[in-house]
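Below, each chain spelled out in residue letters.
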Amino acid sequence: MSAVVDEHDHDHHADDHHDHGPAKGLLRWVITTNHKDIGTLYLLFALTMFFVGGAMAMVIRAELFEPGLQFVDPAFFNSMTTMHALVMVFGAVMPAFVGLANWQIPLMIGAADMALPRMNNMSFWMLVAGVLLLASTLFMEGGAPNGGWTLYPPLVLQPITVGKALPFAIFSVHLLGISSIMGAINIIATIFNMRAPAMKLMDMPLFVWTWLITAFLLIAVMPVFAGAVTMLLTDKFFHTSFFNAAGGGDPVLYEHIFWFFGHPEVYIMILPTFGVASTIIPVFARKPLFGYASMVWATASIAFLSFIVWAHHMFTVGLPLAGELYFMYATMIIAVPTGVKVFNWTATMWKGAMTFETPMLFSIAFVVLFTLGGFTGLMMSIAPSDFQYHDTYFIVAHFHYTLVPASVFILMAAGYFWLPKWTGHMYNEKIGQLHFWLSVISVNVLFFPQHFLGLAGMPRRIPDYAVQFADWNMISSVGGFIFGASQLLFLYIVIDTIRGGTGEKVSDEVWEDASKHSLEWTLPSPLPYHTWTTPPVSVPTEHVLDSH
Amino acid sequence: MALGLGTAHADYTLNLMKGVTKVSNDIYDLHMLILWICVFIGIVVFGAMFYSIFHHRKSKGHVAAQFHENTTVEIIWTIIPTLILVGMAIPATKTMLELSDVEKSDMTIQVTGHQWYWDYKYLDSDIHFESHLDEASERVHRTVGADPRSVPNYLLNVDKPLVIPVHKKVRFVLTSTDVIHSWWVPDLGWKKDANPGFINEAWTLVDKPGTYRGQCTELCGRDHGFMPIVVIAMEQVDYDAWIAKTLEQQKQKPDLSDQSRQQLLAHGESVYLKNCVGCHQIDGTGVPGLIPALTGSAIATGKWESLDGFLRAGTSKMPKFEKLNAKEFAELMTYVRNSLGNKVGDELQPKQTALPDDDE
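Residues numbered from 1 in each chain as written. Chains lettered and ligands numbered in written order. Predicted model: local features only at pLDDT ≥ 70, side-chain atom pairs only at ≥ 80, totals over all residues.

Caption draft 1: Layout of the overall build of chain B. Helix and strand counts for chain B stand at 10 helices and 10 strands. The C-alpha atoms of chain B give a radius of gyration of 28 Å, which is well past the 21 Å a tight globule of 360 residues would have. With the C-alpha coordinates aligned to their principal axes, the bounding extent of chain B is approximately 90 × 50 × 40 Å. If you take every contact in chain B between residues at least 6 apart in sequence, the share linking residues at least 24 apart comes to 66%. (Helix = DSSP H or I, 4+ residues; strand = E, 2+ residues; numbered from the N terminus. Rg over C-alpha atoms; globule rule 2.2 N^0.38 Å. Contact = placed C-beta atoms within 7 Å.)

Caption draft 2: Looking closely at the overall build of chain A. Secondary structure summary: chain A contains 16 helices and zero strands in total. When each of the 548 residues of chain A is scored for burial, the buried share is 62%. (Buried ≥ 20, exposed ≤ 12 C-beta atoms within 10 Å, placed from the backbone.)

Caption draft 3: Region of the structure containing helix α12 (residues 358–381) of chain A. Between its first and last C-alpha, α12 of chain A extends 34 Å over 24 residues, near the 34 Å set by a 1.5 Å rise per residue. Burial runs high along α12 of chain A: 23 of the 24 residues are buried. (Expected span 1.5 Å × (residues − 1).)

Caption draft 4: Seen up close, the nonpolar core. Core analysis: the largest hydrophobic core is formed by 246 residues, its most contacted members being Val208, Phe362, Phe366, Ile410 and Ala413 of chain A. For this core, the two domains that each supply at least three residues are domain 1 (22–59 + 67–99) and domain 2 (107–251) of chain B. Contacts of Phe362 of chain A, omitting those with residues within four sequence positions, involve Phe409, Ile410, Met412, Ala413, Tyr416 and Phe436 of chain A. In this structure, Leu290, Ala300, Leu307 and Tyr335 of chain B belong to the second largest nonpolar core, which totals 27 residues. (Core = buried A, V, L, I, M, F, W, Y, C linked by C-beta atoms within 7 Å. Domains from an automatic or database assignment.)

Caption draft 5: Spotlight on the confidence of the model for chain A. Confidence along chain A averages 93 in pLDDT terms, with 95% of residues attaining 70 or more. Across residues 1–17 of chain A, where pLDDT falls below 50, the model places 24 contacts with residues more than four positions away in sequence or in other chains. (pLDDT = per-residue confidence, 0-100.)

Caption draft 6: Expanded view of the domain arrangement of chain B. When its domains are assigned, chain B resolves into domain 1 (22–59 + 67–99), domain 2 (107–251) and domain 3 (261–358). Averaged C-alpha coordinates put domain 1 of chain B and domain 3 of chain B at centres separated by 59 Å.

Caption draft 7: Spotlight on the interface of chain B and chain A. Listed as interface residues are 96 residues of chain B and, on the opposing side, 87 residues of chain A. Secondary-structure elements contributing two or more residues to the side of chain B that touches chain A are α1 (22–55), α2 (71–99), α3 (135–141) and β7 (190–194) of chain B.

Caption draft 8: Broad picture of the pairing of strand β5 (residues 170–176) of chain B. Residues and elements named next belong to chain B. Along β5, the buried face is formed by Val170, Phe172, Leu174 and Ser176; none of Arg171, Val173 and Thr175, which line the opposite face, is buried. As paired elements, strand β1 (residues 107–114) and β5 share seven bridges and run parallel to each other. Across the sheet, the residue bridging to Met107 is Val170, located in β5. Bridge count for β5 against strand β8 (residues 200–204) is five bridges, and the pairing is antiparallel. Considered in β8, the bridge of Arg171 is made with Trp203. (Pairing = 2+ DSSP bridges.)

Caption draft 9: Local environment of the sheet that holds strand β9 (residues 210–216) of chain B. All names here are of chain B. Strands sit in the order β4-β10-β9-β6-β7 across an open sheet of five strands; the sheet is mixed. If you trace the sheet from one side to the other, it starts and ends with β4 (162–165) and β7, each paired once. Between one strand and the next, the sheet's axes are offset by a mean angle of 25°, whatever the strand orientation. For strand β6 (residues 181–185) and β9, the ladder comprises two bridges, and the chain directions are antiparallel. From the neighbouring strand, Trp183 faces β9, where its bridge partner is Cys216. Against the sheet, helix α4 (residues 236–251) makes contact with β4 and β10 (228–234), and its axis sits at roughly 135° relative to β4, the strand it touches most. (Axes fitted to C-alpha atoms, helices over the stretch in contact; angles between N-to-C directions.)

Caption draft 10: Inspection of the packing of helix α9 (residues 292–306) of chain A against helix α11 (residues 335–349) of chain A at higher detail. All names here are of chain A. For the pair α9 and α11, the least separation of the axes is 8 Å and the interaxial angle reads 150°. Taken together, α9 and α11 sit at an angle that is classed as roughly antiparallel. Between α9 and α11 lies a crossing whose hand is left-handed. Contacts from Ser294, Met295, Ala298, Ser301 and Ile302 of α9 reach α11 at Pro337, Thr338, Val340, Lys341 and Asn344. (Parallel < 35°, antiparallel > 145°, perpendicular 65-115°, else oblique. Left-handed = near helix turned anticlockwise from the far one by under 90°.)

Caption draft 11: Fine view of the sheet that holds strand β3 (residues 128–131) of chain B. Residues and elements named next belong to chain B. Spatial strand order, β3-β2-β1-β5-β8: five strands in an open sheet with mixed pairing. At either margin of the open sheet sits one strand with a lone partner, and together these are β3 and β8. Neighbouring strand axes in the sheet, compared pairwise and without regard to direction, differ in orientation by 25° on average.

Caption draft 12: The pairing of β6 of chain B, seen in detail. Residue and element names in this part refer to chain B. Burial runs high along β6: five of the five residues are buried. Burial of β6 is two-sided: the residues His181, Trp183 and Val185 facing one way and the residues Ser182 and Trp184 facing the other way are all buried. Hairpin remark: β6 followed by β7, antiparallel, with four residues in the connecting loop; positive phi at Gly189, about 100°.

Caption draft 13: Focus on the confidence of the model for chain B. All names here are of chain B. Looking at chain B as a whole, the pLDDT averages 91, with 95% of positions reaching at least 70. Scored below 50 in pLDDT, residues 1–10 shows 13 contacts in the model against residues more than four places distant or in partner chains. Two numbers describe this predicted complex: its pTM, 0.93, and its ipTM, 0.92.

Caption draft 14: Structural view of unusual backbone geometry. Cis rather than trans, the peptide bond between Pro153 of chain A and Pro154 of chain A has omega equal to 0°. With respect to the element layout, Pro154 of chain A can be found in the loop between α4 (117–136) and α5 (165–193). The omega torsion of the bond from Gln115 of chain B to Trp116 of chain B falls at 0°, within 30 degrees of zero and hence cis. One can find Trp116 of chain B in the loop between β1 and β2 (117–122). Unlike most non-glycine residues, Arg286 of chain A shows phi in positive territory, near 55°. Tracing the backbone through its elements, the reader meets Arg286 of chain A in the loop between α8 (271–285) and α9.

Caption draft 15: View of the packing of helix α3 (residues 74–109) of chain A against helix α6 (residues 206–237) of chain A. Residues and elements named next belong to chain A. Interaxial distance between α3 and α6 falls to 10 Å at its minimum, and their mutual angle equals 125°. Taken together, the axes of α3 and α6 are oblique relative to one another. The way α3 lies across α6 gives a crossing that is left-handed. Here Ala101, Gln104, Ile105, Met108 and Ile109 of α3 come into contact with α6, specifically with Phe207, Val208 and Trp211. Counted by class, the contact of α3 with α6 contains seven nonpolar, one polar and no charged residues. (Nonpolar A, V, L, I, M, F, W, Y, C, P; charged D, E, K, R; others polar.)

Caption draft 16: Inspection of the environment of Gly275 of chain A at higher detail. Residues and elements named next belong to chain A. The topology assignment puts Gly275 in helix α8. The class for Gly275 is buried, based on 28 C-beta atoms found within 10 Å. Distance in space between the C-alpha atoms of Gly275 and Val342 is 12 Å, their sequence separation being 67 residues. Ignoring any residue separated from it by four or fewer positions in sequence, one finds Gly275 in contact with Leu206, Phe207, Trp209, Thr210 and Trp211.

Caption draft 17: A look at the environment of Gly345 of chain B. By the element assignment, Gly345 of chain B lies in the loop between α9 (326–338) and α10 (350–353). Sequence spacing of Gly345 of chain B and Thr301 of chain B is 44 residues, and the spatial spacing of their C-alpha atoms is 9.8 Å.

Caption draft 18: Spatial organisation of α4 of chain B. Over its 16 residues, α4 of chain B extends 23 Å from the first C-alpha to the last, a length consistent with the 22 Å expected when each residue adds 1.5 Å. Summarising burial for α4 of chain B: zero of the 16 residues are buried, a small minority.

Caption draft 19: View of the environment of Ala194 of chain B. Residue and element names in this part refer to chain B. Among the secondary structure elements, Ala194 is positioned in strand β7. In the structure, Ala194 is positioned 14 residues away from Ile180 in sequence and 5.7 Å away in space, judged by C-alpha atoms. Beyond its immediate stretch of four places on either side in the chain, Ala194 contacts Val111, Thr112, Gly113, Leu174, Thr175, Ser176, Ile180, His181, Ser182, Trp183 and Asn200.

Here it is in structure tokens:
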């Protein structure tokens, strides 16, 4: 703290004649190039899509509440599972992390803004266009895509399965891909070029590190997905046969290409959560992160491994024995760096002086429940066992544990952690705690029974099921409805905090000694529209080696 | 929790089932081994974490230590998990080798996935049949408010189960005619994808006679949830008798004698439920934008000869129905033309729809 030069833009307005606030009126939000405005746009858009995708999940859980046909036709059910996944992945979780990156990276590295502010604006609006295009397919003849978010051919190419939606969905994927790639380029350019001169790479907060690594993953794999769906497009409309055996192609080729994208993609949604958890836990444990360097290396190792394990999604497609064994071993290795992360968070908490405000509660729940998802992931990495688990509710339980009480909980934690800084208002801690306890209980009621269902033999993506699966489905649905309803509390808290919250004026640090951990807490609360117009002269060193 | 507990739980389980083959038992053991290792690690890690959460609180006046970075600790918690993983990989590799060894089989069955049923071809004898969801489940799952608990083995029953002998190594070759399906019977211990245009191999050796049920596990379109698998494993004698009986039945010519209108309509409905309902729906209304309605359709209600030709030829969307016999054609066409909201008023007898070579 003492090392930070206290020279923020509000201190030198006099000589800063080109310093200006936001544009007037609603047009501000359309034309803005300010990283904070764009971060806000991303976050609000992601929150909206969280509720849209959540509504789809409610349709799914309502139909599965009891065996038999209740509400929706099987094809519409398939559209719901497909769209729920696409909306949550590309509309909610990824944009939310880009929003966090937009707000936090410049603040944390002492940069005035993102390196490429106009491209920043463009990547947000392209995201909106892509998601709206995707959503429009819901109203098309033949309905929205219903071949699963993996879009496996030949199913998605079949005239009896998909109507007019396919080319729109593919174009939407292209737009989302371009948006993500632009976002990633921007983040990389910002981190490499805009850091305060005092900040070396190994001084960067872990959130910045994890996003840097994530951005490289995005640049590497989004074009692969774009290529895969383009091949679907040409197979459908231009008589190519990439995935059609009758023309010399192979449907399994698509699965390889998809998962070469898909596996890094799931890490794109989890690596930034590692960064956020590694930021929040030390603050509330009042202790430095246990192993900063090993956390950086573990993140990089996980990112590298994510490129060489894709066929563990395909153990049952008919891989040769050598393939089964290789992908099994490679996947098992991921447990090592992931273990390092979990041990590190635990060691960070050990002998701290912990307090349990809402961000910390969500972060602890993240560590525990993500680890549960990791355990089932390890179980699934065992190829012979996966011959039983594959495509059952066990898998659904696994990846929802890594996405909902992991990615989504950390996004909630980040919201509670940084909203007071961004708005200058404190959220209502009581409602925050209520939101946490409702969420953490209901999310387990929702997803834990799905392990039992999968092991007992219930396949995923079915709208109706044998009666022996009835009880756990009903319990899971009840959990789902409570979880869904509880999230309205979060919406309330976000709106309430923006509009003044508890009325308590927060300090610049917000959280006790937070400024020891990261630069943004040395800035005034609420944050001025422009920050770090002069870079900080030195940076917090608490999270790095003592010898530094 | 009390809400749904009145149901019958024939196969109610929380854990993976052990199954009835050596491989499925080996997989069960692997599953349990890794589960217990995870539970153990979980207890250690979460135990430490929760101890810390309860004791290292600011509210209890605990003062934060400031230690961090310890290379020895880091090395220990990298090496121990690695060793545990090696311990897991050894039995996993053994089981994987076993699973993939399709050599020296006693017989081979070709499994073909279709939207939305399976067909089984015994390559060592001349047996070949389709296996569809049973009619009772078919009616209930398509009707809003119908009670699934009224149907025994709801959605897990078929009209013709696959029959195999016990104590024989049965090799399966799996493929598909349309999209990717996946053939899974949990009691056998594995699933395997059926890919269109390619052949996958798998095998089983069942120790215990019995009826084993499973389902398609790769999303294959609107009726993915409605193409179950039933395998009956029999003692060799019973199996031989079944083979003889089935071969005899296959040789029988369809009965082309005239039927009453009621009979034609009732039989026609069964043919419809088996072959048409997946796309054209239970009320014949099709799916807007994807699948044409039969209700009021010019082809369905036009000259029966052209409908007959249309069914046999198929279209780019619809498979050829050459597989149906004259009896089934007569029943189906009578049903489609005089039900599902259509009222052509005719009835077709098997003799009318028979092709010249059907008469022999």
